[in-house]
Amino acid sequence: MSQKIKTYTTMNIYFCGSIRGGRQDINIYQKIVNKLQQYGKVLTEHISYDSLSEKGEDAALDGDKSIHDRDMEWLIKADVIIAEVTQPSLGVGYELGRAVALNKKVLCLFRPESGKVLSAMIRGASTNSLFQVQDYREEDVESYLEKYFDCFSKN
Ligand SMILES: O=c1[nH]c(=O)n([C@H]2C[C@H](O)[C@@H](COP(=O)(O)O)O2)cc1CO
């Protein structure tokens, strides 16, 4: 067990979650980020911060361009992208499109019990093991991540 965690320590994980699209799901983002930190470095940990409001990060110096350019650098260096896609977000949709273009490994997590219907452009992109969409209930999120990273280590 300890050996498995050791192999994961250098993995770069890019977590996507809604910011300006709405912060309703922040508690779930925190749960996901906490779990992901068992497997590697979460480059976008800030998405889970209580202090980050719907206004987004304070990018007073270079504005939104610095946020975009930094996040694209992180996306390029990520080994895997985990996205919580229940709360619709333009930024998350954009990140996922860029991740597909970069041939990255992507897991999208969606909660049907929210009553929302996931965009066809996300669910419909799930054609192979590189881009997966997983429906889940909040209480099961950790076990889905465990299963995903268990298979990840074998690929
Ligand atoms: O301040 C920010 N910082 C930041 O890293 N992002 C990135 C990471 C999130 O996965 C995604 C959220 O996009 P949006 O704000 O459109 O919901 O964009 C987005 C913003 C604000 O748009």
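The protein chain has the name 2'-deoxynucleoside 5'-phosphate N-hydrolase 1 in an unreviewed UniProt entry, where Danionella cerebrum is given as its organism. Under the heading Function (unreviewed entry), UniProt records this for the protein chain: "Catalyzes the cleavage of the N-glycosidic bond of deoxyribonucleoside 5'-monophosphates to yield deoxyribose 5-phosphate and a purine or pyrimidine base. Deoxyribonucleoside 5'-monophosphates containing purine bases are preferred to those containing pyrimidine bases."

Turning our attention to the UniProt feature "binding site: substrate" (unreviewed entry) in the protein chain. Residues annotated by UniProt as "binding site: substrate" (unreviewed entry) correspond here to Tyr 14, Phe 15, Cys 16, Gly 17, Ser 18, Ile 19, Arg 20, Tyr 29, Glu 95, Ser 119, Ala 120 and Met 121. A maximum C-alpha distance of 22.5 Å among these annotated residues, which run over 108 residues, shows that they spread across the structure rather than meeting at one spot. From this annotated list, the subset lining the largest pocket comprises Tyr 14, Gly 17, Ile 19, Arg 20 and Glu 95. By the secondary structure assignment, Phe 15 is in strand S1 (residues 12-16). For Phe 15, a relative accessible area of 0% gives the class buried. Sequence-distant contacts of Phe 15, defined by excluding residues within four places in its chain, comprise Tyr 29, Ile 32, Val 33, Leu 36, Val 42, Thr 44, Ile 47, Ile 82 and Glu 84. Structurally, the position occupied by Arg 20 is in the loop between S1 and helix H2 (26-36). Arg 20 sits in the partly exposed class, given a relative accessible area of 48%.

Take the packing of aromatic side chains next. Enumeration over the complete set of coordinates arrives at three aromatic pairs. Their ring planes at 65° and their centres at 5.6 Å tell us that Phe 15 and Tyr 29 sit as a pair that is edge-to-face. Residue Phe 15 is found in strand S1, and its partner Tyr 29 is found in helix H2; the two are separated by 14 residues along the sequence. In this structure, Phe 15 and Tyr 29 share a single accessibility class: buried. Measuring from ring centre to ring centre gives 5.5 Å for Tyr 148 and Phe 149, while their planes differ by 90°; the resulting arrangement is edge-to-face. For the pair Tyr 148 and Phe 149, a shared accessibility class is recorded, and that class is buried. An aromatic cluster of three or more residues is present, and its members are Tyr 39, Tyr 148 and Phe 149.

Among the nonpolar cores identified, the biggest contains 23 residues, and Phe 15, Ile 32, Leu 36, Ile 82, Leu 145 and Phe 149 are the most heavily contacted of them. Counting residues per element, the ones that place at least two in this core are S1, H2, strand S3 (80-84), strand S4 (106-110) and helix H6 (141-154). Look past the residues within four positions of Ile 82 in its chain and what remains in contact with it is Ile 13, Tyr 14, Phe 15, Cys 16, Ile 32, Leu 36, Leu 107, Leu 109, Leu 145, Tyr 148 and Phe 149. If you look at the next biggest cluster of nonpolar residues, it comprises 19 residues, including Tyr 14, Cys 16, Leu 43 and Met 72.

Along a regular strand, successive side chains alternate from one face of the sheet to the other. In terms of burial, S3 is largely enclosed, as five of its five residues are buried. Of the two faces of S3, the one carrying Val 80, Ile 82 and Glu 84 and the one carrying Ile 81 and Ala 83 are both buried. Sheet topology places S1 next to S3; four bridges connect them, and they run parallel. Looking across to S3, one finds that Ile 13 is bridged to Val 80. Looking at chain direction, S3 and S4 are connected through four bridges and run parallel.

About the thresholds
- Starting afresh in each chain, residues are numbered from 1 along the sequence in its written order.
- Whole-chain, interface and lining totals are the exception, using all residues; otherwise, since this is a predicted model, local features are given only for residues with pLDDT of at least 70 and side-chain atom pairs are given and counted only at 80 or more.
- To obtain the side-chain values, all non-hydrogen atoms of the structure were used and water was disregarded.
- UniProt positions are given in the numbering used here, feature names are shortened, and annotations may be inferred rather than shown by experiment.
- Put simply, the grid is 1 Å and covers the protein atoms alone, a cavity is a trapped set of points that fit a 1.4 Å probe, a pocket is an open set with protein on both sides within 12 Å along at least five of seven lines, and lining residues have an atom within 4 Å of a point.
- Put simply, DSSP H or I for four residues or longer makes a helix, DSSP E for two residues or longer makes a strand, and each gets a number counted from the N terminus.
- Burial classes follow relative accessibility: with a 1.4 Å probe on protein chains only, a residue under 20% of its type's maximum area counts as buried, one over 50% as exposed, and anything between as partly exposed.
- Contacts were defined at the residue level, with two residues in contact if any of their heavy atoms lie within 4.5 Å.
- Note on aromatic pairs: the rings of Phe, Tyr and Trp (six-membered ring only in Trp) are paired at centre separations within 6.5 Å, and the planes decide the class, stacked below 30 degrees, edge-to-face beyond 60, tilted for the rest.
- Nonpolar cores are built from buried Ala, Val, Leu, Ile, Met, Phe, Trp, Tyr and Cys residues. Side-chain atoms within 4.5 Å join them into one set.
- Being paired, for any two strands, means DSSP has found at least two bridges between them.

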